[in-house]
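Coordinate analysis (summary)
Residues per chain, in single letters:
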Amino acid sequence: MDLLHNLALGFSTALNAQSLLYALIGCVLGTLIGVLPGLGPIATIAMLLPSIYALDATPALIMLSGIYYGAQYGGSTTAILINLPGESSSVVTAIDGYRMARQGRAGAALAAAGLGSFFAGCVGTVVIAAFAAPLTELAFQFGPAEYFSLMVLGLTGAVVLASGSLLKAIAMIVLGLVLGQVNTDVISGVPRYSFGIAELNDGIGFVAISMGVFGFAEIIVNLARPADHRTVFTKDVKGLWPTRQDFRDAFPAVLRGTALGSILGVLPGGGALLASFASYSLEKKSRGRADEVPFGEGNIRGVAGPESANNAGAQTSFIPMLTLGIPPNPVMALMIGAMTIKGIQPGPQVMTSNPELFWGLIASMWVGNLMLVILNLPLIGVWIRLLALPYRVLFPAIVGFCCLGLYTLNNSPFDVYLGALFGVLGYVFHKLNCEPAPLLLGFILGPMMEENLRRTLLLTNGEWQTFLTQPLSAAMLVAAALMVVFVMRPSLKQKRDIAFQDAP
Amino acid sequence: MKTATRSSTWTCNQREFWSGVLFTVIGAGFAAGALNYKLGKSAEPGPGYFPLGLGLILAALGIAVLLRSLSRGPSDKQGRIGKVAWRPLAVVVFAVLMFGFAMPRLGLIVTMPLLVFITSLAGDEFRWREAALTALVMTAASWLVFVVGLSMSLPVWPRLSGMGG
């Protein structure tokens with residue numbers, strides 16, 4: 001009964017005019033950036049962070065989460081229509097979706113993606129609502145040692161997910177942790193690595209890093225590539241409704257994708273990307289009807305499964321963020337940043353101290369998913385027209401918004417300069433094949449990890465073995481170690497390399 | 001000695017090699033910097049405790065990446081750094097720095113169009129009309145959203161000598 005009561009509270013928050021408006025803005029923005037290549041949810045949310053100073057916490061978070069899951073919908077549109085995944089989580093959708101579009105079945109592919117995502121979004125929302133409360137209970141039992149080990153587990157998850165070399169991914173995380181040390185020490189109050197620059201006493205701006213690395217650097221990388229000539233299958237988008245046979249084929253795939261995505265989303269380091277890759281390989285392995293189209297040549301299951309999985313994963317990745325205050329991916333890290341800006345201490349207490357925010361956000365996800373189906377299916381024509389906008393017009397606008405976002409952070413040029421610096425660094429990372437997402441996670445978790453580590457040591461008189469003698473903490477460290485051993489298995493390592501080679 | 005000659009003639013994986021150098025230098029730098037702060041002991045860790053450990057770990061990882069790169073053959077095409085996109089890099093970075101410098105002095109009305117024009121030069125194609133239109137739309141949109149909509153106190157107009165206080 002508690003669940004129903006909580007959901008009722010959530011829906012009463014999510015259905016008021018203000019929440020609906022911001023959910024709509026978030027969904028539209030999310031679809032927009034999902035459709036436009038070169039601008040991901042991380043850069044967009046980072047760009048909008050300063051603007052939420054002017055909003056209340058609940059509508060602000062509703063809008064930001066709308067951007068995140070909206071981008072999952074929008075990303076599939078470009079994947080299907082122009083073989084260019086707008087989001088990394090839509091990479092596998094392009095394989096069969098684009099083939100369907102070329103066969104004149106773009107409508108069916110879009111519908112399978114949209115309806116599958118909607119179904120997955122609904123299930124994901126229920127999963128969050130059902131698991132949030134018990135997990136929060138568990139989180140209250142956590143001491144500093146458990147928190148530290150949990151963060152180690154989360155960071156390990158991020159390493160496992162990163163593409164390319166495992167060693168470099170670990171180094172990028174540690175680099176992020178190191179950059180997080182530029183701040184005023186919480187315990188002694190000593191400013192560290194500030195080089196006498198007053199602005200650095202509060203630490204390097206999280207927004208400056210993400211804008212530099214994901215905004216500016218990405219634009220430089222895109223500009224270095226020759227301009228692509230895309231063919232958009234706009235004329236072929238007719239007959240949106242899939243046939244009865246399509247439904248019969250797609251539905252089991254949607255079910256499997258949703259289940260897989262819901263589980264993988266909760267894992268630290270997980271989320272939409274891993275879920276869509278895993279679902280595609282699952283669909284390839286499971287048998288469909290005898291005379292179905294082979295995979296890679298326009299099989300509807302190859303669209304419905306991964307799209308449902310990435311949306312379910314996007315939803316359930318809110319669970320660790322909401323219940324533990326620990327971000328499983330960079331977007332969730334930004335959400336935590338947004339909460340902190342609004343003066344809400346992230347962690348298990350959010351559910352009791354801000355119940356309208358907590359349940360309102362969950363309910364708004366369902367509302368947002370409904371909006372997205374409407375935005376993406378009947379209004380598909382509007383988004384297709386946007387694809388005609390050339391990149392040479394887009395990128396100056398993106399740079400403009402990023403600069404303005406940085407300037408408005410503190411109404412000072414300092415963050416803009418930092419953003420430029422990290423733009424250069426981001427380009428260096430690209431050239432050196434170092435994936436920047438783990439760095440961002442490490443940067444966010446760094447100060448939290450340090451505090452919990454030092455607290456544990458203080459409480460136990462410097463006994464490092466505490467981390468292994470506390471059962472919960474030990475279990476998490478063992479899980480982290482198992483994850484590393486698991487990905488280092490040669491057979492899996494190969495598969496992982498192949499999976500990530502398909503990514504752009 | 002063998003490793004040194006190998007690296008200087010680039011028979012190693014360049015990307016891995018320089019990543020290793022980058023991690024090692026940053027890690028060592030932070031570890032050295034941590035010595036300026038009180039380290040404390042494990043029962044009572046000071047402000048330098050965690051950064052010192054992290055810096056050393058990063059430097060160790062960097063050395064591991066570096067050593068591994070030397071064992072990888074030159075046939076590895078993926079390992080080459082390739083051409084650096086100097087023009088987009090320089091133009092975008094300059095434009096962003098310019099934005100930071102000009103905003104407090106010239107205000108949004110001048111800085112935003114300037115940024116759009118300069119940034120547009122980073123691409124292969126530059127079209128006056130498109131750039132002008134983008135500049136106009138961007139300036140109007142940012143003024144409407146940030147100044148009117150969110151009522152932020154941004155510098156909008158250039159600061160003239162007679163006007164400023």
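Every chain begins its residue count from 1, and numbering advances along the sequence as written. A letter from A marks each chain and a number from 1 marks each ligand, given out in the order of writing. Given that this is a predicted model, residues contribute local features only at a pLDDT of at least 70 and side-chain atom pairs are listed and counted only at 80 or more, while totals for whole chains, interfaces and linings are drawn from all residues.

With respect to the overall build of chain B
Selection rule: Put simply, DSSP marks the helices as runs of H or I at least four residues long and the strands as runs of E at least two long, and each gets a number from the N terminus on. Burial is judged by counting the other C-beta atoms within 10 Å of a residue's own C-beta: 20 or more makes it buried, 12 or fewer makes it exposed, and any count in between marks it as partly exposed, with every C-beta position built from the backbone.
Assigned secondary structure in chain B consists of five helices and two strands. Mapped from its N terminus to its C terminus, chain B presents α and β elements in the order α-α-β-β-α-α-α. Within chain B, the fraction of its 165 residues that count as buried is 36%.

A short note on the overall build of chain A
Put simply, the test is: Placing a C-beta atom from the backbone of each residue, one calls two residues in contact when those atoms lie within 7 Å.
In terms of helices and strands, chain A carries 23 helices and zero strands. Considering chain A as a whole, with its 504 residues, one finds that 60% of them fall into the buried category. Residue pairs at least 24 apart in sequence account for 81% of intrachain contacts in chain A once pairs closer than 6 positions are excluded.

Let's talk about the confidence of the model for chain B
Residue and element names in this part refer to chain B. What counts here: A residue's pLDDT is simply how confident the predictor is in it, with values from 0 to 100.
Confidence in the prediction for chain B averages 82 pLDDT; 84% of positions are at 70 or higher. Per-element mean pLDDT across chain B ranges from 42 in helix α1 (residues 2-8) up to 93 in helix α4 (residues 86-120). Two summary scores accompany this predicted model of the complex, namely pTM at 0.80 and ipTM at 0.87.

Concerning the packing of helix α9 (residues 206-224) of chain A against helix α19 (residues 414-431) of chain A
All names here are of chain A. As a reminder of what qualifies: Convention adopted: a line fitted to C-alpha atoms gives each axis, helices being fitted over their contacting stretch, and angles between N-to-C directions are expressed from 0 to 180 degrees. Every angle not falling under 35 degrees, over 145, or within 65 to 115 is termed oblique; those three ranges are roughly parallel, roughly antiparallel and roughly perpendicular. Crossing handedness is defined as follows: a turn of the near helix away from the far one that is anticlockwise and smaller than a right angle gives a left-handed crossing, while the clockwise case is right-handed. Under the scheme applied here, ten amino acids are nonpolar (Ala, Val, Leu, Ile, Met, Phe, Trp, Tyr, Cys and Pro), four are charged (Asp, Glu, Lys and Arg), and all others, including Gly, are polar.
In contact at an axis separation of 7 Å, α9 and α19 are set at 55 degrees when each is read in the N-to-C sense. Considered as vectors, α9 and α19 are oriented oblique to each other. As for the relative orientation of α9 and α19, their crossing is right-handed in sense. Residues Val207, Ala208, Ile209, Met211, Gly212, Val213, Phe216, Ala217, Ile220 and Val221 of α9 form the contact with α19, whose participating residues are Asp415, Leu418, Gly419, Ala420, Leu421, Phe422, Gly423, Leu425, Gly426, Tyr427, Phe429 and His430. Here the residues of the contact of α9 with α19 are counted per class, giving 16 nonpolar, five polar and one charged.

Quick word on the domain arrangement of chain B
Just so we agree on the cut-off: A domain assignment, automatic or from a database, supplies the domain bounds used here.
You can read the domains of chain B as domain 1 (14-79) and domain 2 (86-149). In this structure, domain 1 of chain B and domain 2 of chain B have C-alpha centres spaced 38 Å apart.

Re the nonpolar core
Where we set the bar: As used here, a nonpolar core is made of buried Ala, Val, Leu, Ile, Met, Phe, Trp, Tyr and Cys residues. They are joined through C-beta atoms within 7 Å.
Judged by nonpolar contacts, the single largest core of 207 residues is most densely connected at A:Ala109, A:Ile173, A:Val399 and B:Val92. The element best represented in this core is helix α6 (residues 106-140) of chain A, accounting for 16 residues. In terms of domain composition, this core takes at least three residues from each of domain 1 (14-79) and domain 2 (86-149) of chain B. Among residues more than four places away in sequence, those in contact with B:Val92 are A:Phe216, A:Ile219, A:Ile220, A:Val399, A:Gly423, B:Thr119 and B:Ala122.

Structural notes on helix α3 (residues 41-48) of chain A
A large share of α3(A) lies buried, amounting to eight of its eight residues. Among the residues of α3(A), A:Pro41, A:Ile42, A:Ala43, A:Thr44, A:Ile45, A:Ala46, A:Met47 and A:Leu48 are the ones counted as buried.

Examining the packing of helix α18 (residues 391-410) of chain A against α4(B)
Direction vectors running N to C along α18(A) and α4(B) enclose 140 degrees, while the axes themselves pass 10 Å from each other. In terms of orientation, α18(A) lies oblique with respect to α4(B). The interaxial crossing formed by α18(A) with α4(B) has right-handed handedness. Taking contact as the criterion, the partners of A:Phe395, A:Pro396, A:Val399, A:Gly400, A:Cys403 and A:Tyr407 in α18(A) are, on α4(B), B:Val92, B:Ala95, B:Val96, B:Phe99, B:Gly100, B:Met103, B:Met112, B:Leu115, B:Val116, B:Thr119 and B:Ser120.

Notes on the interface of chain B and chain A
Counting residues at the interface gives 59 residues for chain B, matched by 54 residues for chain A. Listed by contribution, the elements that provide at least two residues to the side of chain B that touches chain A are α2 (14-34), β2 (44-45), α3 (49-71), α4 and α5 (128-149) of chain B. In terms of residue count, the dominant contributor to the side of chain B that touches chain A is α4(B) (17 residues).

Looking at the environment of A:Val152
All names here are of chain A. Mapping Val152 onto the fold places it in helix α7 (residues 144-161). Spatially, the C-alpha atoms of Val152 and Gly426 are 24 Å apart, while their sequence positions differ by 274 residues. If we skip the residues at most four places from it in the chain, Val152 touches Leu477 and Ala480.

Brief notes about unusual backbone geometry
Trans is the prevailing form of peptide bonds, just as negative phi is the prevailing case for residues other than glycine. In this structure, A:Asn411 takes a positive phi of about 55 degrees despite not being glycine. Mapped onto the elements of the fold, A:Asn411 is located in the loop between α18 and α19.

Some points on α18(A)
Residue pairs three or four apart in sequence face the same way in an α-helix, which turns once every 3.6 residues. Residues and elements named next belong to chain A. For clarity, the cut-off: How far a helix is expected to stretch is found by multiplying one less than its residue total by 1.5 Å.
Across its 20 residues, α18 extends 30 Å between first and last C-alpha, which sits within 8% of the 28 Å expected from 1.5 Å per residue. The element α18 is extensively covered by neighbouring structure, given that 15 of its 20 residues are classed as buried. Residue Asn411 follows α18 closely and has a positive phi angle near 55 degrees.

Considerations on the environment of A:Pro413
The topology assignment puts A:Pro413 in the loop between α18 and α19. Separated by 10 residues in sequence, A:Pro413 and A:Cys403 place their C-alpha atoms 9.3 Å apart.

Some details on the environment of A:Ala171
Structurally, the position occupied by A:Ala171 is in helix α8 (residues 166-179). Note on A:Ala171: 31 C-beta atoms within 10 Å, which makes it buried. Spatially, the C-alpha atom of A:Ala171 lies 9.4 Å from that of A:Val159, the residues being 12 residues apart in sequence. Leaving out residues up to four positions away in the same chain, A:Ala171 has contacts with B:Phe23, B:Leu58, B:Leu61, B:Gly62 and B:Val65.

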